[in-house]
Amino acid sequence: MLIYIHVPFCRSKCRYCAFYSETPGPGAFEAYVEALLRELRPRAEALGPRPVETIFFGGGTPSLLPTPLLARILETLAASFPLAADAEIGTEANPDSLIAPGYAAELKALGFTRLSIGAQSFDEARLRLLGRPHDAAGTQQAVLAAQRAGFENIGLDLISGLPGAGTLPAQTRESWQRELERAVALAPRHISTYCLTLEPGTPLAKAADTLRFPSEEEQEAMFHEGVAFLEAEGFAQYEVSNFARPGFACRHNQGYWRGEDYLGLGPGAVSTLDGVRRANPPDFDRWRADPAAAEMETLSPETLALERLMLGLRTVEGVDIRAWEELSGRSFREACGTLPEALAAAGLAVLSAGRFAPTRRGLAVADSLAEHFLE
């Protein structure tokens, strides 16, 4: 089983972000942890002693939480579930909070094994456009602090396809190449590259008419040239947006893509366990008042199989056909018809050895591949 913990606090809201978060008031961190443990204990009792392979703190900005509070959460998790000896314990972190004196070393002492640092860009003007609370020097300081603390498994997140505004030009393949070069120079073990999506209601979406975006051709070149560069530098692509040196892929995310059960805790967190999906309210006060309140949905084998297929098509390893057939109760050929063969003939996928997987070209259009199966 995987465990996801949503920490809903940010110092400020980034202009592109549609995830649930809010600015913490006095006493909010302590109140959050008390409510989180009130949610965790009865759910752990109901689930029984399920082995836990990964724990991931996301947000929001989990690195805003003081380490004594993180220690309380981890201690309660360890008392509630048997943790694998090699459990991956990771957290997202913003550079500005990670560089607080001693913070990275304290995370390491608590047992964290992986850090995902939200760099997003190394261009100061683009960071301001995105509303990020740090600068490029802060990202470098954060990586160095994590390395000095003894972290090996450090990831950097970057965003491509960034717009221009005023005198700032839209991102180009050349400027994207410089971003990747600066990231690689910091010697992370993992790099995630996400293409900017304008989510409705966000400040960037509202200002879209004033922004200049890279053309589709330019964004496609960013993707393909970026993949080639990162692989030449020793980072293997294992999902559309994720690249890792050998042995440093994010096991928690791999668990999602393979359809493993996961327990989500905190406001806005989602769980999928034994075919039942549970969604906590994305509202701190509502969740805190009743941490057991959630929307529940029983997922049919067909829904679970479709999700497994769609997620698998985003990964290099693709879909294990036998496992998919056991989950769905149908033969792969009966369910999908000739579509897999057609995609393979078009050079977008490979169908062989009991596995259906996208090619490099297919990964570039993973969403379109999924749409074919939805149709």
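Parameters and conventions
Residues numbered from 1 in each chain as written. Predicted model: local features only at pLDDT ≥ 70, side-chain atom pairs only at ≥ 80, totals over all residues. Heavy atoms only, no water. Helix = DSSP H or I, 4+ residues; strand = E, 2+ residues; numbered from the N terminus. Rg over C-alpha atoms; globule rule 2.2 N^0.38 Å. Buried < 20%, exposed > 50% of the residue type's maximum accessible area, 1.4 Å probe, protein only. Contact = heavy atoms within 4.5 Å. Areas by Shrake-Rupley, 256 points an atom, 1.4 Å probe, with all protein chains shown as cover. Phe/Tyr/Trp six-rings, centres within 6.5 Å; stacked < 30°, edge-to-face > 60°. Lys NZ or Arg CZ within 6 Å of the ring centre and 35° of its normal. Axes fitted to C-alpha atoms, helices over the stretch in contact; angles between N-to-C directions. Parallel < 35°, antiparallel > 145°, perpendicular 65-115°, else oblique. Left-handed = near helix turned anticlockwise from the far one by under 90°. Nonpolar A, V, L, I, M, F, W, Y, C, P; charged D, E, K, R; others polar. Pairing = 2+ DSSP bridges. Arc of directions from axis to C-beta.

Asker: How would you sum up the overall build of the protein? Please name residues and give values.
Answerer: Along the protein, the regular secondary structure elements total 17 helices and 15 strands. On C-alpha atoms alone, the protein measures out to a radius of gyration of 21 Å, which is about the 21 Å that the 2.2 N^0.38 rule sets for 375 residues. Its C-alpha atoms give the protein principal-axis dimensions of about 60 × 55 × 40 Å. Here the protein, with 375 residues, has 51% of them falling under the buried criterion. Considering only intrachain contacts with a sequence separation of at least 6, the fraction spanning at least 24 residues in the protein is 70%. Surface summary for the protein: the accessible area is close to 16500 Å², and the carbon and sulfur share equals 53%.

Asker: Quick one: what's the story with the packing of aromatic side chains, residue by residue and with numbers?
Answerer: Taken as a whole and judged by the stated rule, the model has twelve aromatic pairs. With a centroid separation of 5.5 Å and 55° between ring planes, the pair formed by Phe57 and Phe112 is classed as tilted. Of this pair, Phe57 sits in strand E2 (residues 52–59) while Phe112 sits in the loop between helix H4 (103–110) and strand E4 (114–120), and the two are 55 residues apart along the sequence. Ring centres of Phe332 and Phe356 lie 5.8 Å apart, and the angle between their planes is 55°; on these two criteria the pair is classed as tilted. You can see Phe332 sitting in helix H14 (residues 332–336) and its partner Phe356 sitting in strand E15 (residues 355–358), a full 24 residues away along the chain. Like Phe332, the residue Phe356 is buried in the burial classification. Lys108 extends its terminal NZ or CZ atom over the ring of Phe151, reaching a point 5.3 Å from the ring centre. Sitting over the ring of Phe248, Arg189 keeps its end group 5.4 Å from the ring centre.

Asker: I'd like to hear about the environment of Leu273, residue by residue, with values.
Answerer: In this structure, Leu273 sits in strand E10 (residues 270–273). For the pair formed by Leu273 and Ser160, sequence separation is 113 residues and the distance between their alpha carbons is 34 Å. For Leu273, the contacting residues outside a window of four places in its chain are Met1, Arg43, Leu47, Arg50, Asp261, Tyr262 and Leu263.

Asker: Lay out the packing of helix H7 (residues 173–185) against helix H9 (residues 216–232) in plain terms, naming residues and giving numbers.
Answerer: Across the interface, H7 lies against H9 with an axial gap of 9 Å and an inter-helix angle of 30°. Here H9 runs roughly parallel to H7, going by the angle between their axes. Both H7 and H9 take part in a crossing whose hand is right-handed. Contacts between H7 and H9 involve Arg173, Glu174, Trp176, Gln177, Leu180, Glu181 and Val184 from the former and Glu218, Ala221, Met222, Glu225, Gly226, Phe229 and Leu230 from the latter. Within the contact of H7 with H9, the residues separate by chemical class into seven nonpolar, two polar and five charged.

Asker: Describe the packing of helix H12 (residues 301–312) against helix H13 (residues 321–328), and please don't skip the residues or the numbers.
Answerer: H13 packs onto H12 with a crossing angle of 155° between their chain directions and a minimal axis gap of 8 Å. Between H12 and H13, the angle is such that the two are roughly antiparallel. When H12 is examined against H13, the residues Pro301, Leu304, Ala305, Arg308 and Leu309 are found in contact with a partner set consisting of Trp324, Leu327 and Ser328. When grouped by side-chain class, the residues that make up the contact of H12 with H13 number six nonpolar, one polar and one charged.

Asker: Which residues make up the sheet that holds strand E13 (residues 319–320), and what values go with them?
Answerer: An order of E13-E15-E14 is seen for the three strands of this open sheet, with the pairing classed as antiparallel. Looking at the sheet topology across the chains shown, the edges are occupied by E13 and strand E14 (349–352). Here E14 pairs with E15 via four bridges, running antiparallel. Bridge pairing in E15 places Ala349 opposite Pro358.

Asker: Help me get a handle on the pairing of strand E3 (residues 83–93), residues and values and all.
Answerer: Judged from the five bridges that link them, E2 and E3 form a sheet pairing that is parallel. Bridging from a neighbouring strand, Thr54 pairs with Glu88 of E3.

Asker: Could you give an account of helix H17 (residues 366–374), with specific residues and numbers?
Answerer: For H17, the complete set of buried residues consists of Ala366, Leu369, Ala370 and Phe373. Projected down its long axis, H17 shows its buried positions confined to an angular sector of 100°, all on one face. Along H17, the residues that are exposed and aim more than 90 degrees away from the buried face are Asp367 and Leu374. Looking at the packing, one finds that the buried side of H17 touches H12, H14, helix H15 (339–345), E15 and helix H16 (360–364).

Spatial relationships are all this shows, so hold off on functional conclusions.
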